[in-house]
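For reference, the chains in residue letters:
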Amino acid sequence: MPKKTTQNTKTQATSMGSFFSSRQNQFVFSLLIMLLAILMLTAFVSFFKTWQVDQSIVTEIVDKNIKAENWIGKIGAQISHFFIFRGFGLGAFIIPLLLFLFGLYIFLKVSLLRLIKPMFLGLLSMIWISLLFGFLNLENPIYAGVVGFELNQYLMSYIGNPGVMAILFTVLITFLIIQFGWSPETFMNLFPKKSTDTELENEPSLEVDSKLKVGTEIIPPVEVYTHKEEIIADKTNATFDFEVGQEEEKVRHFPFSVEEEDDDKALEIVLKKEPEELVEENLSDRLLKDFGEFDPKLELSQYKFPTLEMLKEYNETISVNPEELQKNKDKIVETLKNYNIGISHIKATVGPTVTLYEIIPQAGVRISKIKNLEDDIALSLSALGIRIIAPIPGKGTIGIEVPNANPTLVSMRSVIASQKFQSAEMDLPIALGKTISNETFVFDLTKMPHLLMAGATGQGKSVGLNAVMASLIYKKHPAEVKFVLIDPKKVELTLYNKIERHYLAKLPDTDEAIITDTHKVINTLNSLCLEMDDRYDLLKNAMVRDIKEYNRKFKDRKLNPENGHRFLPYIVLIIDEFADLIMTAGKEVETPIARLAQLARAIGIHLIVATQRPSVNVITGIIKANFPARIAFRVTSKIDSRTILDTQGADQLIGKGDMLYAGRNELIRLQCAFIDTPEIEKITDFIGSQRGYPSAYVLPEYFSEDGIPNIDIDIDDRDQLFEEAAYIIVRSQQGSASLLQRKMKLGYNRAGRLIDQMEAAGIVGPFEGSKARQVLISDEISLKQFLDNERNKN
């Protein structure tokens with residue numbers, strides 16, 4: 001008999017489990033539970049109107065002749081009497097809410113374990129509410145219920161009124177802490193000295209951002225609406241390391257000085273020591289095991305990043321003037337009212353340079369009608385730089401940007417020290433400035449991947465370029481990024497000459513790394529095209545798609561330096577005055593820039609082009625199409641604004657670093673971070689005083705078609721490897737310098753000179769851009785006869 005009973009129990013449990021496993025059954029059951037909860041809630045609400053009438057019939061539920069006044073009838077009156085009058089009073093309303101939540105969880109297939117916390121808090125609230133009304137001892141008995149009344153009487157007999165009050169207060173605080181995660185600071189903030197919100201007496205009220213204390217001077221938090229951005233200031237003389245959150249790579253050093261030897265020699269040592277083992281074991285795995293991951297920073301392992309003390313600290317306190325906010329609000333509302341446009345709500349967000357007034361118009365108002373009143377609002381406010389955003393993307397409001405009477409300077413120090421920049425895990429992070437909500441704006445140049453800057457003279461372009469360079473210098477090691485600087489004005493970028501052996505790249509056999517001569521600019525741009533082609537060859541041979549994958553593979557020692565492979569730093573080309581180059585060189589400059597903009601992203605070459613004349617003959621369609629990210633400082637006309645941004649707005653900026661950033665289908669107003677010449681000088685002096693590379697990063701040698709020199713015509717002046725290189729070229733029928741690099745283990749410059757000597761001798765044809773040169777000798781026998789004839793002539 002016991003066995004049969006156990007089997008029957010198991011069978012019933014299994015059938016119940018199968019019943020609830022059906023989604024249809026769950027759906028029906030959840031609807032019934034939620035319907036029951038709604039009916040119970042309806043009965044409870046009705047009970048407060050009908051309880052006195054129905055009080056006498058709660059025991060006569062079976063009698064059909066007696067009718068209840070409760071909306072759910074006698075059942076409703078009976079249940080309400082039990083849970084409210086004899087139970088928990090107003091606290092009983094928690095029961096239908098918990099019941100409805102239970103049904104909803106089943107309907108949404110949410111784990112019922114997640115119901116434990118709401119259930120506990122609900123029951124705790126029910127008892128607390130009942131006890132509270134029992135303590136208040138109201139005349140109406142249904143507010144507290146029998147449970148609340150009796151529980152209060154019982155507690156008061158032991159601990160008195162103060163004790164009951166203490167229990168009620170403690171339970172309330174416990175509930176708030178559990179439910180909302182409140183901390184001691186949260187409770188302290190409940191009692192501010194001054195009100196944090198400014199509500200105006202007349203409608204519509206002006207709502208000032210709750211994080212701005214009106215009437216006091218504060219530094220608003222950087223992460224507006226979410227969290228405060230921490231400013232980490234380095235108060236010691238130690239170096240300021242911004243590689244936050246990244247574990248230091250463990251690099252096993254070679255058994256010899258890195259300064260005296262290189263990886264190729266390390267490879268030769270391993271081959272000499274253990275040739276048999278390396279044949280059996282994969283070479284790259286063996287190298288990784290013996291020497292660890294390749295570290296490109298090893299040659300300048302003692303390099304120190306510039307510290308925050310080199311940047312000047314300014315007073316960046318934003319003064320919130322409630323009178324100014326009220327005055328501007330009244331004028332905006334009055335101006336719109338004159339054109340029969342009603343406003344239901346208005347809110348102000350104060351930034352460093354401008355204040356954003358967000359308005360919600362009344363129903364039926366056309367947005368275009370408000371947008372057309374830009375000049376009228378500017379006139380009423382007596383201010384320049386009024387800009388209307390209709391609507392603000394993602395908010396459903398209309399924004400009116402009004403310049404502050406006392407703008408605040410945004411320092412480079414504050415954006416560099418910000419948590420957002422410091423913890424940015426980007427390949428080329430750039431901290432440009434701060435938004436209207438005082439949030440530090442950081443973007444990744446590799447995602448842009450090129451940047452076009454424009455603005456009238458003196459509006460902040462050069463400061464913007466310095467901010468870009470400072471961001472990268474503070475974040476990236478000299479082994480990771482190189483700059484190619486083109487400065488037709490000859491005075492804007494000269495300070496960076498001091499960091500030539502650390503961060504700059506240049507053509508071989510040139511004295512200065514910063515290019516100012518137009519002819520050298522053309523050669524440099526074409527040289528970058530050669531560097532791009534060479535890098536694409538390396539990526540193809542390594543079977544990877546971009547520079548990030550290639551460098552990862554090279555660090556893991558899966559690419560052999562003897563085959564021409566090397567670590568590839570990012571190259572950032574910066575042109576300070578593009579309009580001048582277009583005027584003097586035209587297509588000779590535009591063509592290589594367009595080619596680089598189209599193709600160079602994957603191999604780590606990125607362009608930043610600045611101009612003060614954003615006209616269509618300077619920023620052509622080809623240039624615009626390949627520069628998706630654009631920055632506009634103040635320009636003189638709407639046409640110039642449309643040329644650079646494809647929309648107006650840049651003509652209404654107020655200057656002094658006020659700018660619009662357009663990228664990824666969004667337009668953001670920023671205040672550019674300010675960095676002065678003495679600050680740049682301190683940074684470059686600090687870096688220049690440290691040990692650097694033997695020379696600047698050398699770009700491939702380039703000769704224009706009309707300027708190819710007569711190289712090594714005399715046989716005696718030819719390279720010692722000339723004949724060996726000639727046989728390799730003829731054998732492969734491919735006139736390529738990168739081929740000689742791989743086959744002969746040469747640097748790019750020597751391989752390029754060998755190709756030029758072969759051209760002068762008549763073995764290969766002239767330069768044809770990205771294509772390999774044509775080989776003019778068909779086979780090795782013909783090459784031998786050719787070389788013998790040359791010797792006999794001499």
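Quick look at the overall build of the chain now. Looking only at helices and strands, the chain has 28 helices and 18 strands in total. A burial count over the chain gives 49% of its 794 residues as buried. Excluding contacts between residues fewer than 6 apart, the proportion of contacts in the chain whose partners are at least 24 apart in sequence is 68%. For the chain, the accessible surface area stands at approximately 40700 Å², while carbon and sulfur atoms represent 55% of it.

Our focus in this paragraph is the pairing of strand β15 (residues 629-632). Of the two faces of β15, the one holding Ala629 and Ile631 and the one holding Arg630 and Ala632 are both buried throughout. Pairing between strand β10 (residues 451-454) and β15: four bridges, direction parallel. Residue Ala454 lies in a different strand from β15, and its bridge partner there is Ala632. Where β15 lies against strand β16 (residues 658-663), three bridges are found, and the strand directions are antiparallel. What sits directly across from Ile631, in β16, is Tyr661.

This part takes up the packing of helix α11 (residues 322-338) against helix α13 (residues 374-381). At their nearest, the axes of α11 and α13 sit 9 Å apart, and the two run at 140° to each other. In this view, α11 runs oblique relative to α13, as classed from their interaxial angle. Considering how the two elements wind past one another, α11 and α13 form a crossing that is right-handed. Of the residues in α13, those in contact with Asn328, Lys331, Ile332, Thr335 and Leu336 of α11 are Asp376, Ile377, Ser380 and Leu381. Tallied by class, residues from the contact of α11 with α13 come to four nonpolar, three polar and two charged.

Two elements in contact, helix α2 (residues 23-54) and helix α4 (residues 94-107), have axes separated by 8 Å at closest approach and are oriented at 165°. Judged by the angle between their axes, α2 and α4 are roughly antiparallel. Along this stretch, α2 crosses α4, giving a crossing that reads as left-handed. For the contact of α2 with α4, the residue count by class is 18 nonpolar, three polar and one charged.

So, about the packing of aromatic side chains. We describe a pair of aromatic rings using the distance from one ring centre to the other and the angle between the two ring planes. Under the criterion given, the structure shown has 17 aromatic pairs. A centroid spacing of 5.8 Å and a plane angle of 80° characterise the contact between Phe44 and Phe93, whose relative ring orientation is edge-to-face. Of the two residues, Phe44 is situated in helix α2 and Phe93 in the loop between α3 (73-88) and α4; the sequence distance between them amounts to 49 residues. As far as burial versus exposure is concerned, Phe44 and Phe93 are alike and both buried. Ring centres 5.1 Å apart and planes at 55° place the aromatic pair Tyr154 and Tyr158 in the tilted group. Of the two residues, Tyr154 and Tyr158 both sit in helix α6 (residues 145-180), four residues apart, roughly one turn of that helix. You'll find Tyr154 and Tyr158 in the same group, each marked exposed.

All chains considered together, the criterion is met by 33 salt bridges. The partner of Arg773 in a salt bridge is Glu759, with the nearest N and O atoms 2.5 Å apart. Of the two residues, Arg773 sits in the loop between α27 (748-761) and α28 (780-793) while Glu759 sits in helix α27, which places them 14 residues apart along the sequence. On the basis of relative accessible area, Arg773 is assigned to the buried category, the value being 11%. Linked through salt bridges whose partners overlap, the residues forming this network are Arg387, Glu401, Asp658 and Arg669.

A separate point is the sheet that holds strand β14 (residues 605-611). Taken together, the nine strands give an open sheet; going across it, the order is β9-β8-β17-β16-β15-β10-β14-β13-β11, and neighbouring strands pair in mixed fashion. Where the open sheet ends on each side, the last strands, each with one partner, are β9 (440-444) and β11 (481-486). Within this sheet the neighbouring strands show an average axis-to-axis angle of 25°, counted without direction. Alignment of β11 against strand β13 (residues 570-575), held across six bridges, turns out to be parallel. The partner of Val481 across the bridge, within β13, is Tyr570. Across the sheet, helix α18 (residues 518-542) is in contact with β11, β13 and β14; its angle to β13 comes to roughly 155°. The strands touched by helix α23 (residues 638-645) are β10, β15, β16 and β17 (666-672); relative to β15, the strand with the most contacts, the crossing angle is about 155°.

Right, let's get into the pairing of strand β8 (residues 429-435). By the criterion of burial, β8 is predominantly enclosed, with seven of the seven residues buried. Where β8 lies against β9, five bridges are found, and the strand directions are antiparallel. Within the sheet, the bridge partner assigned to Lys434 lies in β9 and is Thr440. Adjacent in sequence and paired antiparallel, β8 and β9 are bridged by four residues, among which Asn438 carries a positive phi angle near 65°. Two elements, β8 and β17, share three bridges in a ladder whose sense is antiparallel. From the neighbouring strand, Thr435 faces β17, where its bridge partner is Leu670.

Below, the discussion takes up the confidence of the model for the chain. Residue-level pLDDT values for the chain average 79, and 79% of them are 70 or greater. Highest mean pLDDT in the chain belongs to β13 (95); lowest belongs to strand β2 (residues 217-218) (34). Note on residues 193-203: pLDDT is under 50 here. Beyond four places in sequence and across chains, it has 17 contacts. For residues 706-712, every residue scores under 50 in pLDDT, and the model assigns this stretch ten contacts once sequence neighbours within four places are set aside.

Conventions used here
Residues numbered from 1 in each chain as written. Predicted model: local features only at pLDDT ≥ 70, side-chain atom pairs only at ≥ 80, totals over all residues. Heavy atoms only, no water. Helix = DSSP H or I, 4+ residues; strand = E, 2+ residues; numbered from the N terminus. Buried < 20%, exposed > 50% of the residue type's maximum accessible area, 1.4 Å probe, protein only. Contact = heavy atoms within 4.5 Å. Areas by Shrake-Rupley, 256 points an atom, 1.4 Å probe, with all protein chains shown as cover. Pairing = 2+ DSSP bridges. Axes fitted to C-alpha atoms, helices over the stretch in contact; angles between N-to-C directions. Parallel < 35°, antiparallel > 145°, perpendicular 65-115°, else oblique. Left-handed = near helix turned anticlockwise from the far one by under 90°. Nonpolar A, V, L, I, M, F, W, Y, C, P; charged D, E, K, R; others polar. Phe/Tyr/Trp six-rings, centres within 6.5 Å; stacked < 30°, edge-to-face > 60°. Salt bridge = Lys/Arg side-chain N within 4 Å of Asp/Glu carboxyl O. pLDDT = per-residue confidence, 0-100.

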